[in-house]
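What the coordinates show
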Amino acid sequence: MWFGVLGPVELRTADGPVALSPRQRAVLAYLVLHAGTVISTDRLIGAIWGEDAPATARVQIQSAVSAIRKAAPGVPLETRPAGYLLSPRDTDLAHADAPGAWRGPALSDVDAAYVPAARTRLEARRLTAIERAAEAALAAGRPGEAVDALTPAATDHPAREGLASRLALALYRLGRQPEALETLRRLRKALAEDHGLDPGAETALLERRILRADPGLDHTAERASTRDGPAQLPAPPTAFTGRAAELDLLDGALADAGPAIVVTAGAGGVGKSALALHWAHRVAARFPDGRLYAHLGDTDPLPVLARFLRDLGVPAREVPADLDGATALYRDKTAGRRLLVLLDDARDTAQVRPLVPGRGGLALVTSRDRMAGLVALDGARRLTLAPLDEDEAVALLRGLIGPADPADLAELAVLCGRLPLALRIAAALIADDARPLAGHLAELRGPGRLAALDLDGEASVRAVIERSIAALPAEAAGLLRLLAGVPGPDIAAEGAAVLAATSEGRAELLLDRLAAAHLVEPTTRGRHGMHDLTRLYLSGRAEPGDGARRDALFEWYLHGADSAVAHLDPTGLRLAPLPAEPRFADAEEALAWLDAEHACLLAAIEAAPRPEFAWLLADALRGHHRRNRLIPEGRRSAGLGLAAAEAAGEDVAAAHMSMGLAHLAMHARDFDGAIAANRRAAALAEGAGAARLHGAILTNLGVVHVAMGRDREAIAHYRESIAVLEHDGASLVRANAHANLAGADRGGSFHTAVEGLGRALADFRELGHQLGQARALHGLAAVRWWTGETSPGLAEAEEAAALFAATGDVYLAAALSTWALHLLDAGDAATALLKARAAVARAREAADPTLENEARATLGHVLHALGEHDEAAGHFTAVIAWAEHEVGVDQLHAEALLGLAAVHAARGERARALALAERAVTRDYGQKSLAALVHGRASAVLHACGDASAREHAAHALALADEGQRRGVAEAEGVLARL
């Protein structure tokens, strides 16, 4: 499957081009430009519409994604909790440095807010590609080809110096001196008018040389001068691919007349030498006085200096025998000469510094060391290479191997760590073997991967890694060995200190030493990760005592997770007591640690050295996963903890793990799964005699049944929980059960619910449980909305929101929605709008569709009250589309139907309003209070449309209403009063 954005947007499958609508092209192109990155819906909306997004923008995005998937089955476009991820294997962006890849102006058939900036960035890449192609044509003696390539671009971009200078040289070599000079005059004028600048020194020199018809500008003279100096560069690498950004930076070192030293640093096998040689050959003509080359390794600089001096024409007897004398003579002989010196595989700064040429030359250095001294003291420019990206790695393999299955090439790239050396070794072995590619992949998947990347001693990934490690001090090498056994993608300095039994400051120094050797790489601030092939090399090389250090790290992880719980959820049911001295100062610090270490904590559960570690750490992470809706991660960790507990016969631990799985199923709206997991947990807890845990699980069962609209079953579970907890005293679990029962079992009276929730709030206050207080307050505020008690409802909603915010709980979105509804009743629609929009934003941030749709319905009501009917209709329409396929959202569905009906009635669209009201009132509602709400609101819509059935529905609402209910009743009474 091929994706194109360098011209009109294209998506091609094996069956040919796929027809896309303008909106689909805009969405797809943005995802292609950000391939490999999860893009949120909000970011897509901003990218496509900017500040002018319509109310239906989210629905339009979802529709476009769905249509793309339908039009191109198998398109690698995933929906993630945080947004959309496109993972293409073949795009024209991978070949943007080749002029032939361009089919016209980038994104030429896309109209979206992001296009101008994206097109500008891509156009810069196109122009750079044209300049490189023209330079190659000039070097090959084909100035006519260069003129053809440069003329249209230079006409469109008259102030781009690289285009104009190359075009002028090409025209001059064709004998068209007046046109060459006119080209440079146009450049001078454009730079002055557009930027207030003069051409650079190199272009000014070119203009003077063209004026005086300098013979040195002829291609024959250039070739002769190139032959006159030393020409020691090894052959360029075959099938060189990618590295466009790095080549741009190297070109910049010449264009800026910048430093005399450029360092290309990176891990062994990452392609430093290949990049340096490719670039050196490409710009060889720019160094007419010679190209010197030395592979340094561990060689002392003096023998290399002596050879360079002889190559530059110094008789052997005149070469000084001491380093200082040889260095001085070398600087003198190279001063003022356009000389390129490629110093490959340098060891350190002291080895390189004597070999740097004098003024006018350039030293290009490759090294596994960062060469900090050259950068800090000698003004060197450093370019650090990472492994190739997937597209570049696959393109290199395709160039070396030839046509092959894209999926196989992508897997081969991953197995080789996307390191150019490993990729080239693998390609050479495949070329020499009759086996199909699948056979090589099977071998590389096995434990002997490094052995399989050995080219009969000529090239070996293992040897490259061995050499890098051999150069390390013993303490740094010891830490590296320990790091290979660490689960997870990276480690913090504090964790490394625990692992190495040293101070954090010392660990930072050791990590920095390893990073300087490119054996670990910085991932985020203060954290370092190890390349897969390095980890593979070190596996099985543990020494006595390493296991104890690894156990210490696991204990550090567990203590950190427990310390975070002590701040974030101190009163929750836990398998182990909380630390007497938590590690963190406050909840903010605890949450930051959890976020930073989360991937490592999950990996630690996978690699638990003891069974109990798996369930204890999974239990500590349970609240974090629930609060942040990390459902796949939570299921994985709880599942591993459950398996460990069951294998060990630990029923209480297994019950906790099952309860955690039930919570996650509930948040994923997998109600059947939640019920099954809770029932399994309840049976285990009851069998183990864990009454408090048993009661908590029964309460959770009630919550699931409420979400499904099955209140009677929920009430039975709540009452059973209270009975189990009869002797539990004033516990949090018992307070939760009472609070939930009060919310579900009104006994036909909202006053009963207020009394029950008030008692629960008092219990939570006595226990000092903020989250329990927040939930009880929000329950009270929600009941006040039903009873029309605006003043106490406002205060309760505001306090609930503050407590939810303090605890970081996602139900802040629900409290903000309820607060907005009370503000609307109080006549403060402007503030209600702010709270409703904040509720939508918080729900989206939490990736909770139920909370988001509840918030959008509230926002729709507020907008309707403000007369913003179009935006209100968009929100109601989206909620209806979502609710029609969900369970347990009857009230939300009905409110959206009637909200949209009210919007149509206000617009005078009578038929649409009546149809929506009819859909709402003909549904079967299990709660009388909800039915009263629906019929009361429907009566208002029907009356506004002049429909005679308004009286009947108003009377029905009054007959169904619970004691104390005003929502729906007030609308019905108003209709009857007007009739």
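Bear in mind that the values here come from a model prediction, so they are computed numbers and not experimental data.

**Some points on the UniProt feature "domain: OmpR/PhoB-type" (unreviewed entry) in the protein chain**
The positions UniProt marks with the feature "domain: OmpR/PhoB-type" (unreviewed entry) are residues 1-88. Secondary structure across residues 1-88 comprises 41% helix and 19% strand; the distance between its end C-alpha atoms is 8 Å.

**Examining the sheet that holds strand 3 (residues 16-17)**
Spatially, 3 strands are ordered 1-2-3 in an open sheet, and the strand pairing comes out antiparallel. Two strands bound the open sheet, and with one partner strand each, they are strand 1 (2-4) and strand 3. When strand 1 meets strand 2 (residues 10-13), the two strands line up antiparallel, connected through 3 bridges. Bridging across to strand 2, tryptophan 2 finds its partner in arginine 12.

**A closer look at the packing of helix 32 (residues 691-707) against helix 33 (residues 711-724)**
Between helix 32 and helix 33, whose axes approach to 8 Å, the crossing angle comes to 170°. By the angle between their directions, the pair helix 32 and helix 33 is classed as roughly antiparallel. The crossing of helix 32 and helix 33 is left-handed. Between helix 32 and helix 33, the contacting residues are Ala691, His694, Gly695, Leu698, Thr699, Leu701, Gly702, Val703, His705 and Val706 on the first element and Asp711, Glu713, Ala714, His717, Tyr718, Glu720, Ser721 and Val724 on the second.

**As for the packing of helix 2 (residues 41-49) against helix 3 (residues 57-71)**
Here helix 2 crosses helix 3 at 100°, and the two axes come no closer than 10 Å. Between helix 2 and helix 3, the crossing angle belongs to the class labelled roughly perpendicular. Contacts between helix 2 and helix 3 involve Thr41, Asp42, Leu44, Ile45, Ile48 and Trp49 from the first element and Ala57, Arg58, Gln60 and Ile61 from the second. Along the lines of polarity and charge, the residues of the contact of helix 2 with helix 3 split into 6 nonpolar, 2 polar and 2 charged.

**Focus: the nonpolar core**
The biggest cluster of nonpolar side chains holds 115 residues, and the ones touching the most others in it are Leu412, Leu480, Leu483, Tyr557 and Leu617. Counting residues per element, this core draws most heavily on helix 26 (residues 546-568), which supplies 9 residues. Each residue touching leucine 483, except ones within four places of it in the same chain, is listed here: Ile491, Leu499, Leu511, Leu514, Val520, Met530 and Arg535. In terms of nonpolar packing, the next biggest core, distinct from the first, is built from 82 residues, Ala742, Phe804, Leu821 and Leu863 among them.

**Comments concerning the packing of aromatic side chains**
Applying the stated rule across the entire model yields 9 aromatic pairs. Residues phenylalanine 554 and phenylalanine 613 carry aromatic rings whose centres are separated by 5.2 Å and whose planes lie at 65° to one another, so their mutual orientation is edge-to-face. Taken as a pair, phenylalanine 554 in helix 26 and phenylalanine 613 in helix 28 (residues 611-627) lie far apart in primary sequence, 59 residues in all. Grouping residues by exposure puts phenylalanine 554 and phenylalanine 613 together as buried. Ring plane angle 20° and centroid distance 5.5 Å describe the contact between phenylalanine 750 and tryptophan 786, whose orientation is recorded as stacked. Within this pair, whereas phenylalanine 750 is found in helix 35 (residues 750-767), its partner tryptophan 786 is found in helix 36 (residues 770-787), the two being separated by 36 residues in sequence. In this structure phenylalanine 750 comes out as buried when scored by relative accessible area, which is 0%. Classification of tryptophan 786 by relative accessible area gives buried; the value is 9%. An aromatic cluster is present here, built from Phe554, Trp556, Tyr557, Phe584, Trp593 and Phe613 joined pairwise through their rings. The cationic tip of arginine 12 hangs over the ring face of tryptophan 2; the distance from NZ or CZ to the ring centre is 4.1 Å. The ring of phenylalanine 287 carries the charged tip of arginine 338 above its face, separated from the ring centre by 5.5 Å.

**Looking at the sheet that holds strand 11 (residues 491-492)**
Strand order in the open sheet made by the 3 strands is 11-13-12, with antiparallel pairing throughout. Of all strands in the sheet, those with a lone pairing partner are strand 11 and strand 12 (521-522), marking the two edges. Alignment of strand 11 against strand 13 (residues 527-529), held across 2 bridges, turns out to be antiparallel. Across the sheet, residue isoleucine 491 finds its bridge partner in strand 13, namely histidine 528.

**Some remarks on the pairing of strand 4 (residues 77-80)**
With 4 bridges connecting them, strand 4 and strand 5 (residues 83-86) associate as antiparallel partners. Directly across from glutamate 78, in strand 5, lies its bridge partner leucine 85. In this structure, the hairpin formed by strand 4 and strand 5 is closed by a connection of 2 residues.

Definitions and limits used
- Residues numbered from 1 in each chain as written.
- Predicted model: local features only at pLDDT ≥ 70, side-chain atom pairs only at ≥ 80, totals over all residues.
- Heavy atoms only, no water.
- UniProt positions renumbered as here; feature names shortened; annotations may be inferred.
- Helix = DSSP H or I, 4+ residues; strand = E, 2+ residues; numbered from the N terminus.
- Pairing = 2+ DSSP bridges.
- Axes fitted to C-alpha atoms, helices over the stretch in contact; angles between N-to-C directions.
- Parallel < 35°, antiparallel > 145°, perpendicular 65-115°, else oblique.
- Left-handed = near helix turned anticlockwise from the far one by under 90°.
- Contact = heavy atoms within 4.5 Å.
- Nonpolar A, V, L, I, M, F, W, Y, C, P; charged D, E, K, R; others polar.
- Core = buried A, V, L, I, M, F, W, Y, C linked by side-chain atoms within 4.5 Å.
- Buried < 20%, exposed > 50% of the residue type's maximum accessible area, 1.4 Å probe, protein only.
- Phe/Tyr/Trp six-rings, centres within 6.5 Å; stacked < 30°, edge-to-face > 60°.
- Lys NZ or Arg CZ within 6 Å of the ring centre and 35° of its normal.

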